[in-house]
Amino acid sequence: MTTEEIEVAAAQLQLAEPRPQGLEEQELLLQCKLYPYGFPMEVKTNSAEIIALLTDMLGAFEKCFDVEPIRAEIRVVETESNECPPPPAYRQTYPIFTAVADKDNYLILHFPTRRSYMTLSSAAMQHEPYLRFFFMESIAGVHLGTSYATALHAGFVSLEGTGVLLCGDSGAGKSTLTYACARSGWKYVTDDCSFLLHNEERNLVTGNCYRVRFRPSAASLFPEVAGKELTDRAGGKPSIELPTTDLPDIVPSHMEEVRYMVFLNRHSDGPHELVPYSKDAARTFLRSYISGTGETLLKHSQAVERLLAVDILELRYTDLDWAIERLRTLVQEGR
């Protein structure tokens, strides 16, 4: 299947019952049902390895929401090469999202029907970190971030039932501070990608509480991370990814309510302090990561405005231990 044929197939997904040309449903004899982030997902495939991988990634989640399921068809094709495919190129033209690495490795998502069609090569199957990062995480994450929630570029932890959303651009220190709080007794929800649920009166956030992702530099702060294997091809940013089951001090929590939104400034030249942060600046940050048209974009905008009603602060610090204790004081004493 050429790239041009993939584009044609993607265009056809705008039909009521979309299906790319040349894909026969009867070939996909293996099935499983999982609940990523608590939402139902039905998978059909021709590969037992795909079932095992998705179960390893998502099997710890339990059903929380009774909604129309996400449906994925995943086909593995044999290729002669064993070389890891290149990172995919992404394109989103609503209602279609595509990720195309080459003619044997591509993903097509159709938002209105919450359907996904994926083809993977036997070569890609030999490079699990690549497979997880570029393809498998997209199946649930992209659909969840359009149909049922708004994706936020933020870590999220909770203490005594009070959730703190840790915001900032890439490199701001979200993962480091999130994990540092978690190993100090906070509940861990997610270190980077948070999902703010729609159709909720409260600001409930879910995320992948069963996996932690670190930059290699984290080994200097957390001895338990030292010596762990780096993942491959993670968007050009090498990382260490560990299941929370390997980190006995971490208490995962599937969903918590946001009470504070904290923007991180860990390179401040001034004194360590926690100060009010501009709501307009927070709105600009949150909206920069949402996309869609019509009703979808409206839901995202409404979710963002609801979230902006919480207290919004900026944490200026260079000392990690100070930052943890300052957030603890915020939660316990409200100041």
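Described in the following lines is the structure provided in the data block. Just so you know, these numbers come straight off a predicted model, no measurement behind them.

Topic: the packing of aromatic side chains
Then step 1. Tallied over the entire structure, the rule returns 15 aromatic pairs.
Then step 2. For the ring pair Tyr179 and Phe222, a centre distance of 4.8 Å and an interplane angle of 80° mean the geometry is edge-to-face. Taken together, the residues Tyr179 in helix H4 (residues 174-182) and Phe222 in the loop between strand S13 (211-214) and strand S14 (240-243) connect sequence positions 43 residues apart.
Then step 3. For Phe222, a relative accessible area of 2% translates into the label buried.
Then step 4. Feature note: the residues Tyr37, Phe61, Phe195 and Tyr210 constitute an aromatic cluster, connected by ring pairs.
Then step 5. For the cation-ring pair, Arg259 lies above Tyr260, with the distance from its terminal atom to the ring centre recorded as 4.7 Å.

Some details on the side chain of Thr176
Then step 1. Structurally, Thr176 can be placed in helix H4.
Then step 2. Among all residues touching Thr176, those that are not within four sequence positions of it are Leu221, Phe222 and Leu320.

Overview of the environment of Trp322
Then step 1. Structurally, Trp322 can be placed in helix H7 (residues 320-333).
Then step 2. A relative accessible area of 26% means that Trp322 is categorised as partly exposed.
Then step 3. Taking C-alpha positions, Trp322 is 9.6 Å from Glu273, a pair spaced 49 residues apart along the chain.

Details of helix H5 (residues 279-287)
Given 3.6 residues per turn, any residue in an α-helix points the same way as the ones three and four places further on.
Then step 1. All of the buried residues along H5 are Ala282, Phe285 and Leu286. Along the long axis of H5, the arc covered by the buried residues comes to 95°, so they all point the same way. Facing away from the buried side of H5 by over 90 degrees, the exposed positions are Asp280 and Thr284.
Then step 2. Buried-residue contacts for H5 involve strand S8 (149-159), strand S9 (162-167), strand S16 (255-265), helix H6 (294-307) and strand S18 (311-316).

What counts, and where the lines are drawn
- Residues numbered from 1 in each chain as written.
- Predicted model: local features only at pLDDT ≥ 70, side-chain atom pairs only at ≥ 80, totals over all residues.
- Heavy atoms only, no water.
- Phe/Tyr/Trp six-rings, centres within 6.5 Å; stacked < 30°, edge-to-face > 60°.
- Helix = DSSP H or I, 4+ residues; strand = E, 2+ residues; numbered from the N terminus.
- Buried < 20%, exposed > 50% of the residue type's maximum accessible area, 1.4 Å probe, protein only.
- Lys NZ or Arg CZ within 6 Å of the ring centre and 35° of its normal.
- Contact = heavy atoms within 4.5 Å.
- Arc of directions from axis to C-beta.

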